[in-house]
Amino acid sequence: MDSQIQKPFKVYLVSSPESPEFTLLARSLTQSSLVGLDAEWKPVRTYQSSFPDVSLLQIACQLGGDSEPVSAVFLLDLLSIPLSSLWKPLREMLESPETLKLGFRFKQDLIYLSSTFCSHGCDPGFDKVEPYLDITSLYNLLYLKKHGRNAPKQTKSLSNICMEVLGFPLSKELQCSDWSCRPLTEEQITYAAMDAHCLVEIFNVFNSKVANTGDFLLKTTTLSNTMENVGLKELFAKHDLNDNALGMQFCEALSIVRSTIGSAAGQVIPSAERTIQRLPCSVNVPSDEFSKIVKKYGDRILLKESDRRPKTSKKKAKKRSSTNGISNVKHLEKFDDWQGIPPWDPSVGGDGYPKFLCDVMVEGLAKHLRCVGMDAAIPYSRKPEQRELIEQARREKRVLLTRDAKLLRYEYLINNQIYKVKSLLKNEQLLEVIEAFQLKISEDQLMSRCTKCNGRFIQKPLSTEEAIEAAKGFQKIPNCLFNKNIEFWQCMDCHQLYWEGTQYHNAIQKFIDVCKLSD
């Protein structure tokens, strides 16, 4: 989609009801007619009789009137703020008919959020979000407008939707990080803010790309109290940030997201100026036409009494535990450390070069392995059967890397060709695999494989003229490279072009640091 320059948005970390950030939040909740919602909690890996406590609630607000809209993201530290001070303003916002709430499969977040507040004496918590629009529904509308009414519905992750609608992906690497630890890292703050802000941006694209085509019409009106709104916008512009508030340009946030993703040289990830749209929309206050859209395509979240209890009962959990028994635990312990001879070892007919197959649960690890020069394939299909994965690993003499406990049951089919990855974050997973298989990584190996398809590069670099010819109809080369003496490299398999630009050097330095090659 066409892209324009995006105005900066600010991020405010709210950790005390006496802070100016809290005051700004309270005013924003009453004046924002469009908000994006998301929540984070400490990952739960074992059965529990209660829901996890939400550690962080993200609220992206968009305000505006006759002038340009202002965007801000509030990160509510629920471990620091007395929840009783938040319960009433949050409940009013969630149920306000004048505030449209956006989320991505937000029902589970609401269940956990309500449980968290109830456990701190704020009974009955939250049981309704209305009006509400799910980003999945908005994406399906955009998809149908592009591909026709008869196109099959798509099930996409938020990262993939951002890639298709906004032009950049979201890194989900920190999704499973420990959100109960304090202080939050800069990467966690950026991740959390982007997750909420992108919901508003996607809605803005929906508003401009779909609603204004004539099929629908979302008329906008300004907030009734113009002077009050202007005053709030001035607060956003002039607010004196202390240690708990972070002013952040969108392009700065995007650069952190890129580095978290581990973008490699030559992967054409558009700059912030080209990808993030500057959309000429004011705040959308529900009008008659808008209400029709919400009624037809929107939704509301209503929690039933059964939603307030964990789905799996203790009886079922006990039965499952006794069924698996100690033998299953012993079976899984076999995979805590790598043992045996890998299939690429010459003594068993291999060629001596390590090869891995990363299933969908560790697909991000495949790109990291490619960045350090390792041969790391992914499954042929998006949703492969378990035996298909095993057959691919056996046929190509690869070790299958996975976090899927169910897949480990088939170990007897490919002895010494399956390894359970214990770490959650990609950098840690990379170090774990390097240590487990005693891989030798050198600086010369870095960025020697195509991070897109795992292919090898052509031996001879291309000139600028040759690269332009090779990229026709396939890949766009930035104009700023034309007058520079830069060598281009092309993947022999997918024909992706790479060059030694800023992203390349940043990636090299990143993996030098991760792998401790400079020590």
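Residues numbered from 1 in each chain as written. Predicted model: local features only at pLDDT ≥ 70, side-chain atom pairs only at ≥ 80, totals over all residues. Heavy atoms only, no water.

An unreviewed UniProt entry lists the protein chain under the name 3'-5' exonuclease domain-containing protein, with Arachis hypogaea given as the organism.

Below, the discussion takes up the overall build of the protein chain. Across its full length, the protein chain carries 16 helices and 14 strands. Burial analysis of the protein chain (519 residues in total) assigns 50% to the buried set. When contacts within the protein chain are restricted to residue pairs at least 6 apart in sequence, long-range pairs at least 24 apart make up 72% of them. As displayed, the protein chain has an accessible area near 25,800 Å², and 50% of this comes from carbon and sulfur atoms. (Helix = DSSP H or I, 4+ residues; strand = E, 2+ residues; numbered from the N terminus. Buried < 20%, exposed > 50% of the residue type's maximum accessible area, 1.4 Å probe, protein only. Contact = heavy atoms within 4.5 Å. Areas by Shrake-Rupley, 256 points an atom, 1.4 Å probe, with all protein chains shown as cover.)

Looking at the secondary structure, you find Pro-97 in the loop between α2 (84–95) and β5 (100–103). Accessibility expressed as a relative area gives 61% for Pro-97, which makes it exposed.

The next thing to look at is the packing of aromatic side chains. Counted according to the given criterion, the structure contains 12 aromatic pairs. Here the aromatic rings of Phe-117 and Phe-126 are separated by 4.8 Å at their centres, their planes lie at 70 degrees, and the arrangement is edge-to-face. Summarising the burial analysis for this pair, Phe-117 and Phe-126 share the class buried. An aromatic cluster is defined as three or more aromatic residues linked by ring pairs; in this entry it consists of Trp-344, Phe-356, Tyr-419 and Phe-437. (Phe/Tyr/Trp six-rings, centres within 6.5 Å; stacked < 30°, edge-to-face > 60°.)

Enumeration over the complete set of coordinates arrives at 15 salt bridges. A salt bridge links Lys-156 to Glu-164; the shortest N-O distance between them is 2.9 Å. Note that Asp-351 and Lys-355 form a salt bridge whose closest N and O atoms lie 2.7 Å from each other. We classify Asp-351 as partly exposed; its relative accessible area is 45%. When its relative accessible area of 14% is taken as the criterion, Lys-355 is described as buried. Overlapping salt bridges bring together Asp-375, Glu-396, Arg-398 and Arg-449 as one network. (Salt bridge = Lys/Arg side-chain N within 4 Å of Asp/Glu carboxyl O.)

This next bit is on the state of the cysteines. The full count for this structure, using the stated rule, is zero disulfides. Here Cys-491 stays unpaired: no disulfide links it, and the sulfur of Cys-453, its closest cysteine neighbor, is 3.4 Å away. (Disulfide = S-S within 2.5 Å.)

Let us now look at the sheet that holds strand β10 (residues 375–377). Spatially, four strands are ordered β10-β9-β11-β12 in an open sheet, and the strand pairing comes out parallel. One side of each edge strand has no neighbouring strand; the edge strands of this open sheet are β10 and β12 (418–420). Each strand of the sheet is rotated relative to its neighbour by a mean of 30 degrees, with strand direction disregarded. The sheet contact formed by strand β9 (residues 355–358) and strand β11 (residues 399–402) spans three bridges and is parallel. Bridging across to β11, Phe-356 finds its partner in Val-399. Lying over the sheet, helix α12 (residues 363–371) contacts β9, β10 and β11, oriented at roughly 160 degrees with respect to β10. (Pairing = 2+ DSSP bridges. Axes fitted to C-alpha atoms, helices over the stretch in contact; angles between N-to-C directions.)

Turning our attention to the packing of helix α14 (residues 426–436) against helix α16 (residues 502–514). Running from amino to carboxyl end, α14 crosses α16 at an angle of 60 degrees, the nearest separation of the two axes being 11 Å. The angle between α14 and α16 places the two elements in the oblique class. Viewed along their axes, α14 and α16 form a crossing whose handedness is right-handed. Taking contact as the criterion, the partners of Asn-427, Leu-430 and Leu-431 in α14 are, on α16, Lys-510, Phe-511 and Val-514. Its residues placed into classes, the contact of α14 with α16 shows four nonpolar, one polar and one charged. (Parallel < 35°, antiparallel > 145°, perpendicular 65-115°, else oblique. Left-handed = near helix turned anticlockwise from the far one by under 90°. Nonpolar A, V, L, I, M, F, W, Y, C, P; charged D, E, K, R; others polar.)

A few words on the environment of Asn-207. As for its placement among the helices and strands, Asn-207 is situated in helix α6 (residues 186–209). For the pair Asn-207 and Leu-138, spaced 69 residues apart in sequence, the C-alpha separation works out to 9.6 Å.

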